[in-house]
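Fold and contact review
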Amino acid sequence: RPALELIDSDSDGTPDCVDGCPNDPNKTEPGICGCGVADIDTDMDGAPDCVDPCPNDPNDMCGAEMVRGDINSDGNPDLFVVDTGTRLNSAWYLDAEGMAVGAAPVVTGPPNWNVAAKGDFGSPAGGQDGHPDLVVQNLLTRQVVIWYLGGPDGSEYLGFGYLMRDGAQMMLPSGWSIQGSADFDGDGDPDLLVRNGSTGRLVIWQMDGLDYVDYHYVYPQNTALVWRVAAVYETGLGASMIIFQNQNNGQILRWNLDGFQYYSWSYYTRQDNGQILATPPGWSVVGIRMFPGDLQSSMIVQSTQGPVVRWIINELNEWTGWNWISQTNPAHTRVTQD
């Protein structure tokens, strides 16, 4: 009686009758990627390349800023500032404690154009480069452009691009202005927070690079204009917060967002006395940064006289202390909007 012939179509040593991928010599089971596609995990993050949105980045940031606001890629967050007299925008490089340890000129802005936000919107060559770019708006013409930045220390001006919608240049609606930027939906592309200066209504423009995709109301009602948007910050994939400061009493609170939608709020308080955290007269919150060792994002606070400090916040949203960023900064050099 002749022996049963075992066919091995892909010559991998496993007969077809027990081979989960009979035509793939490199696999005997489909695995995650299926037959014909190797389950390679280039960045060794546990997700095969076939399902990994960033196959070369174990942090799945696809080249975006690893530390938000890190201009020179040294692992510490930095700041952008502008000289209100000359309109020169510059980068301030900070150390792990938040002290300004260096600076570099970026670009001098034309009249009536002001930095409104920052984020890695890409580069002239296409694709994100890991350096934050500047979102610049003209409230007279209602135009919005991105100033691309890059180079070895992240401060080199590389060119600009207009915000686009359906293939045409996008304009701000009358009465609206950009308040900040964050990746609200966790897709790797920074989005824009926009506010109506008359009603306080907050809207997020969902972006794909420079291309407008859609809009989303953050909250179903208008917001009181006495509460100024002080900073915007993403806290994780699809999670973010908006920091508000009361322009009358200096009190500070945060809105927590899940994707594009508000879901809760809380005041910041002082650990030493339990009172609601407020800036002294003449001081304002101008940004949020996560420094090495922070349990919660620190606040960047600036005086109308110029000096800039870091307020340290713990995991309970309590103020626990402060340190100087720049004690001698002149009044005409202002930290730009987040």
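Please refer to the structure placed before this passage.
In short, a report on the structure. This one's a predicted model, so the numbers in the text were calculated from it and none came from an experiment.

1. Section: the overall build of the protein chain
Secondary structure assignment for the protein chain yields 0 helices and 23 strands. Within the protein chain, the proportion of its 338 residues that are buried is 49%. In the protein chain, 41% of the contacts between residues at least 6 apart in sequence involve partners at least 24 apart. Surface accessibility of the protein chain: about 15700 Å² in total, with carbon and sulfur atoms responsible for 52%. Of the side chains in the protein chain, 15 bear a positive and 44 a negative charge, and the two mean positions are spaced by 16 Å.

2. Considering the sheet that holds strand E5 (residues 133–138)
Taking strand neighbours across the sheet as the criterion, the 4 strands line up as E4-E5-E6-E7 in an open arrangement whose pairing is antiparallel. Edge positions in the sheet fall to strand E4 (113–119) and strand E7 (156–162), since each has one partner strand and no second. Neighbour to neighbour, the strand axes of the sheet diverge by 30 degrees on average, direction disregarded. Bridge count for strand E6 (residues 143–150) against E7 is 6 bridges, and the pairing is antiparallel. Note that in E7 the partner of Tyr148 across the bridge is Gly159.

3. Some words on the state of the cysteines
What the rule picks out here adds up to 2 disulfides. Between the sulfur atoms of Cys21 and its disulfide mate Cys35 the distance is 2.1 Å. Taking the torsion about the sulfur-sulfur bond, which here is approximately -80 degrees, the covalent link between Cys21 and Cys35 counts as left-handed. Here the residue Cys21 occupies a position in the segment before strand E1 (79–83), and Cys35 occupies one in the segment before E1, the gap between them amounting to 14 residues. When its relative accessible area of 43% is taken as the criterion, Cys35 is described as partly exposed. Sulfur-sulfur distance for the disulfide between Cys33 and Cys50 comes to 1.9 Å. On the S-S bond that ties Cys33 to Cys50, the torsion sits near -85 degrees, and the link is left-handed.

4. Re the packing of aromatic side chains
Throughout the structure, instances matching the rule amount to 12 aromatic pairs. Taking 5.4 Å as the distance between ring centres and 90 degrees as the angle between the ring planes, the aromatic pair formed by Phe160 and Tyr162 counts as edge-to-face. Ring geometry for Trp227 versus Tyr267: centroids 6.4 Å apart, planes at 45 degrees, classification tilted. One end of the pair, Trp227, is in strand E14 (residues 227–236); the other, Tyr267, is in strand E17 (residues 261–267), with 40 residues separating them in the sequence. For Trp227, a relative accessible area of 16% translates into the label buried.

5. Quick word on the environment of Gly119
Within the secondary structure, Gly119 sits in strand E4. Judged by its relative accessible area of 3%, Gly119 falls in the buried class. C-alpha of Gly119 to C-alpha of Pro132: the two residues are 13 residues apart in sequence and 4.6 Å apart in space.

6. What about the pattern of salt bridges?
On inspection of all chains with the given rule, the structure shows 4 salt bridges. Of the charged contacts in the structure, one is a salt bridge between Lys27 and Asp39, with a shortest N-O distance of 2.4 Å. Here Lys27 is found in the segment before E1, whereas its partner Asp39 is found in the segment before E1, with 12 residues between them in sequence. In this structure Lys27 comes out as buried when scored by relative accessible area, which is 10%. Residues Asp272 and Arg270 are paired through a salt bridge, measuring 2.7 Å at the closest nitrogen-oxygen approach. Note on Arg270: relative accessible area 24%, which makes it partly exposed. The network of salt bridges with shared partners includes Glu97, Asp294 and Arg310.

Rules and cut-offs
- Residues numbered from 1 in each chain as written.
- Predicted model: local features only at pLDDT ≥ 70, side-chain atom pairs only at ≥ 80, totals over all residues.
- Heavy atoms only, no water.
- Helix = DSSP H or I, 4+ residues; strand = E, 2+ residues; numbered from the N terminus.
- Buried < 20%, exposed > 50% of the residue type's maximum accessible area, 1.4 Å probe, protein only.
- Contact = heavy atoms within 4.5 Å.
- Areas by Shrake-Rupley, 256 points an atom, 1.4 Å probe, with all protein chains shown as cover.
- Lys, Arg positive; Asp, Glu negative; His and termini not counted.
- Charge placed at Lys NZ, Arg CZ, Asp CG, Glu CD.
- Pairing = 2+ DSSP bridges.
- Axes fitted to C-alpha atoms, helices over the stretch in contact; angles between N-to-C directions.
- Disulfide = S-S within 2.5 Å.
- Phe/Tyr/Trp six-rings, centres within 6.5 Å; stacked < 30°, edge-to-face > 60°.
- Salt bridge = Lys/Arg side-chain N within 4 Å of Asp/Glu carboxyl O.

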